Amino acid sequence: MSGGGRAQTGLTYDQALAYLTGLGRFGMKLGLERMRAILDELGHPELGRRGALIAGTNGKGSTSAFLESILRARGLHTGMTPSPHLSSYLERVQLDGAPISEVTFAQAVTELRPRLEPVIARLGEPTEFEVLIALAISWLAPRADRLVIEVGMGGRLDSTNVLDLGVAIVTNVTFDHRKHLGATVRQIAGEKAGIIKPGNVVVTGATGAALDVVERAAEAVGAADVWRLGREIVVRSRWRGWEGSELDVSGPGFAHQGLRTRLVGSFQPGNAALAVAAAHALGDATPESVALGVAEARWPARLERVEERLVLDGAHNQDGMRQLVRSLRRLLDAEPVVVVFGAMADKDLTLVFDQLRRLEPQRVVFTAAPSAGARAMRPSALAAAWGGASEQCAHPRQALSRARELAGPDGWVLVTGSLYLVGELRDVP
């Protein structure tokens, strides 16, 4: 990006961040008109880029991490855009597995702002997410050989859907964001399948009605092929507890035996298989890069054991919580668990709590992450919705301290319900 000859005063990182977060007041504006206009002002840096656009209800982050790691192990420069971040906005723009620096981030925002002015004059202020994606694309495109882009919400109208990277991944489809995406699985799947472009190879773990929608969407736009987990893509895994899993993955023209991942959970082999397939669809996989990439992939806040008896997981919807509870009980057997829980106000807690109760926690300590601001649900409202034995703490650190007391030396503490909450407590001693 350049400033187009316009004199600029460079922003500090704090100023750049304040500008970006200030755009949050414009809320969510689904649609691609502003993004296309922004990229037009930037000279369309996205054109000709290859990689994967990744949608789905759950597993987007882990699948992105596996794929990025495989591509980097192949010797390619990678650009990745995790969404949301855990601890810092810098995580949203990653080159070769490392977040952008504060200085570079501030410079990129400084250069981007004047380029937005014609768009603002015609179409109004862009959202925070639109500016983040525009910044990421424009900064990463000239530096990265492959882009691994995580869809923010849905797909069809998400800002990332200006990209056609050759491979479209739909990890799975379950209930989440029903206010924006639809009340049924078929409606939600339709939104997520909206990322599929003509000529794409579609890689998906969707099942049932959702898979039917994905297949029909692929056919309607003229996708090159559809590779389905459990059909074209086959994965067999061996559980290794806290050490992760060992897995065999095969698909059209490829087979890998004895892959190992340190990412914990019964759901991770499926995510790894989607990533392996995507790497092959791009023509970028070798036996060595797949083995090393799967082994070296890291994804924080997904069944992450940060202390001897403290586990973090960003599960925030029904299926994510179901997967968490299933894996955690397999890991802990009947050992007692105290939960620290926070959530965003737009979540359907009835479905999430139905799954969390299956963990049979000794106690739940409800709190709210300050980083979530007004979007966080109040602890009192969470406790009322839970209805069982619980406590409330205004600040996450207080909640974690209290949970440790309740768990004692022989119990476990699980922090879950919101990535904002997990991010705030991940580095607490």
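Everything below is about the structure printed above this text.
This structure is a prediction, so every number in the text was calculated from the model and none was measured.

What am I meant to see in the overall build of the protein here?
The helix and strand inventory of the protein stands at 15 helices and 17 strands. The C-alpha radius of gyration of the protein comes to 21 Å, within 12% of the 22 Å expected for a compact globule of 429 residues. C-alpha extents for the protein along the principal axes are approximately 60 × 50 × 40 Å. When the 429 residues of the protein are sorted by exposure, 57% land in the buried category.

In this structure, what is going on with the nonpolar core? I would like to understand it.
Side chains of nonpolar character tend, in soluble globular proteins, to be buried together. If you look at the biggest cluster of nonpolar residues, it comprises 60 residues, and the most contacted ones within it are Phe105, Ile195 and Ile196. The greatest single-element share of this core, amounting to 10 residues, is contributed by helix α5 (residues 128-140). If near-sequence neighbours (up to four positions away) are discounted, Ile196 is found in contact with Ala168, Val202, Val214, Ala217, Ala218, Val221 and Ala223.

Which parts of the structure should I look at to understand the sheet that holds strand β10 (residues 245-251)?
Picture the strands of a sheet paired through backbone hydrogen bonds; they go either parallel or antiparallel. Taken in spatial order, the 3 strands make up an open sheet running β9-β10-β11, and their pairing is antiparallel. Edge positions in the open sheet fall to β9 (234-239) and β11 (254-261), since each of these has one partner strand only. Averaged over all pairs of adjacent strands, the angle between their axes in this sheet comes to 10 degrees, without regard to strand direction. Bridge count between β10 and β11: 6 bridges; the pairing is antiparallel. By the bridge assignment, Leu247 is partnered in β11 with Leu259. Each of β9, β10 and β11 touches helix α9 (residues 268-281); the most contacted strand, β11, lies at about 135 degrees to it.

Where do I start with unusual backbone geometry in this structure?
Excluding glycine, residues mostly carry a negative phi; peptide bonds, for their part, are mostly trans. Following Ser83, the chain continues to Pro84 via a peptide bond in cis, the omega torsion being -5 degrees. Within the fold, Pro84 resides in the loop between β2 (78-81) and β3 (94-95). The phi dihedral of Glu360 falls on the positive side, at around 55 degrees, and the residue is not glycine. A residue is classified by how much of its surface remains accessible, and Glu360, at 65% relative accessible area, is exposed.

What should I look at first to understand the pattern of salt bridges in this one?
Pairing between side chains becomes possible if they bear opposite charge and their charged atoms approach one another. Scanning the entire structure with this criterion turns up 23 salt bridges. Its salt-bridge partner being Arg186, residue Asp212 comes within 2.8 Å of it at the nearest N-O pair. Here Arg186 lies in helix α7 (residues 185-192) and Asp212 lies in helix α8 (residues 208-221), a separation of 26 residues in the sequence. When its relative accessible area of 23% is taken as the criterion, Asp212 is described as partly exposed. Here Arg186 falls in the partly exposed class, since its relative accessible area comes to 41%. With its nearest N and O atoms 3.6 Å apart, the salt bridge here joins Arg357 to Asp354. Using a relative accessible area of 35% as the deciding quantity, one classes Arg357 as partly exposed. On the basis of relative accessible area, Asp354 is assigned to the partly exposed category, the value being 40%. Connected via shared salt-bridge partners are Glu215, Arg228, Arg231 and Glu232.

Rules used throughout
- Residues numbered from 1 in each chain as written.
- Predicted model: local features only at pLDDT ≥ 70, side-chain atom pairs only at ≥ 80, totals over all residues.
- Heavy atoms only, no water.
- Helix = DSSP H or I, 4+ residues; strand = E, 2+ residues; numbered from the N terminus.
- Rg over C-alpha atoms; globule rule 2.2 N^0.38 Å.
- Buried < 20%, exposed > 50% of the residue type's maximum accessible area, 1.4 Å probe, protein only.
- Core = buried A, V, L, I, M, F, W, Y, C linked by side-chain atoms within 4.5 Å.
- Contact = heavy atoms within 4.5 Å.
- Pairing = 2+ DSSP bridges.
- Axes fitted to C-alpha atoms, helices over the stretch in contact; angles between N-to-C directions.
- Salt bridge = Lys/Arg side-chain N within 4 Å of Asp/Glu carboxyl O.

Treat this as a map of the structure, not an account of what it does.
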